[in-house]
Amino acid sequence: MGKDIYKRENKALKITLIVIKNICLALLITLVFAFATGFKFLNILTGSMTPTMPVNTVVVVKKIPISQVELGDVITFKMGDSNVTHRVVEINNSGRNTVLYTQGDAAQNQGSRETVTEDNFVGVVVFHIPYLGVLLNLIKDNIIIITVCIVLALFIITYS
């Protein structure tokens, strides 16, 4: 009877490891595909897009021609060394140049608009996942500890 318990525990551990491995593999394939097709993953760091996209929302950004951006689209653009994600509130097509005017959803006045041109345009937000940034920041801040734990766990599993 004692051996049956160990066999069941061992089988449960194997199934759990297979599930974890498959989840990691699916995430890896998704990330490689996303990067290969021009998508970027960015984290919202401020409350300018609340309540639509609260702080620590991860946005998936796709590079498209600036001329294809439509009124109401949420876009990401460079402002200095930072990426900013805001909603397009006005579009000015003068000749061959497109100028976008953006504003965060949380902003109440028009004085907080930002101007976006082809030079600082990053792309349009195609998908967002609220609060996933908390997990990504936790991983990023503790990557050495997480790596050591994974290596130790793999060592124990392999040699037990």
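Right above here is the structure, for reference.
Reading the values: the criteria
Here the residue index of a chain counts from 1 through its sequence in written order. Only residues with pLDDT of at least 70 get local features here, since the model is predicted, and only at 80 or more are side-chain atom pairs given and counted; chain-wide, interface and lining totals rely on the full set of residues. Only heavy atoms go into the side-chain values, all of them from the structure, while hydrogens and water stay out. A pair is scored as a salt bridge if a Lys or Arg side-chain nitrogen falls within 4 Å of a carboxyl oxygen belonging to Asp or Glu. Numbering goes from the N terminus for both helices and strands, where a helix is a DSSP run of H or I of at least four residues and a strand is a run of E of at least two. Accessible area is worked out with a 1.4 Å probe on protein chains only. A residue is then buried under 20% of its type maximum, exposed over 50%, and partly exposed in between. Think of it this way: DSSP has to see at least two bridges between two strands before they count as a pair. Lining residues are those with an atom within 4 Å of a point, where the points come from a 1 Å grid over the protein atoms alone and group into cavities, where a 1.4 Å probe fits but cannot get out, or pockets, open sets with protein on both sides within 12 Å along at least five of seven lines. Grid points are joined across faces, edges and corners, and a volume is the space filled by probe spheres set on the points. Ten residue types, Ala, Val, Leu, Ile, Met, Phe, Trp, Tyr, Cys and Pro, are classed as nonpolar, four, Asp, Glu, Lys and Arg, as charged, and the remainder, Gly among them, as polar.

Chemist: Could you clarify how one ought to interpret the pattern of salt bridges in this entry?
Modeler: Oppositely charged side chains are able to pair whenever their charged atoms sit close together. The tally for this structure, following the rule as stated, stands at two salt bridges. Between D105 and R87 there is a salt bridge, and its shortest N-O distance comes to 2.9 Å. Of the two residues, D105 sits in the loop between β5 (97–103) and β6 (114–116) while R87 sits in strand β4 (residues 82–94), which places them 18 residues apart along the sequence. Given the relative accessible area of 23%, D105 is considered partly exposed. According to the relative accessible area criterion, R87 is partly exposed, its value standing at 23%.

Chemist: Before we go on, may I ask you to explain the pairing of β5 in this structure?
Modeler: One face of the sheet, then the other: side chains in a regular strand alternate in exactly this way. The buried fraction of β5 amounts to five of the seven residues, a majority that puts the element mostly inside the structure. Here seven bridges tie β4 to β5, and the two strands are oriented antiparallel to one another. Bridging across to β5, I91 finds its partner in L100. Hairpin connection, β4 to β5: the antiparallel pair is bridged by two residues, and G95 has positive phi, about 70°. The sheet contact formed by β5 and β6 spans three bridges and is antiparallel.

Chemist: Can you walk me through the layout of surface pockets in this structure?
Modeler: Here the idea is plain: a probe the size of a water molecule rolls over the atoms and shows the empty space left. The computed volume of the largest pocket comes to approximately 710 Å³. Every residue lining the largest pocket is counted, 21 residues in all, and those nearest its centre are L27, L31, F41, L132 and L136. Among the elements of the structure, α1 (2–36), β1 (39–43), β2 (58–62), β7 (121–129), α2 (132–141) and α3 (143–158) are those that each provide at least two residues to the lining of the largest pocket. Here the residues of the lining of the largest pocket sort into 19 nonpolar, two polar and no charged. Considering only enclosed or pocket space, the second largest pocket measures out at about 270 Å³ in volume. Lining of the second largest pocket is provided by L42, N43, I44, L45, T46, S48, T76, S82, N83, V84, T85 and H86. Mapped by element, the contributors of at least two residues to the lining of the second largest pocket are β1 and β4.

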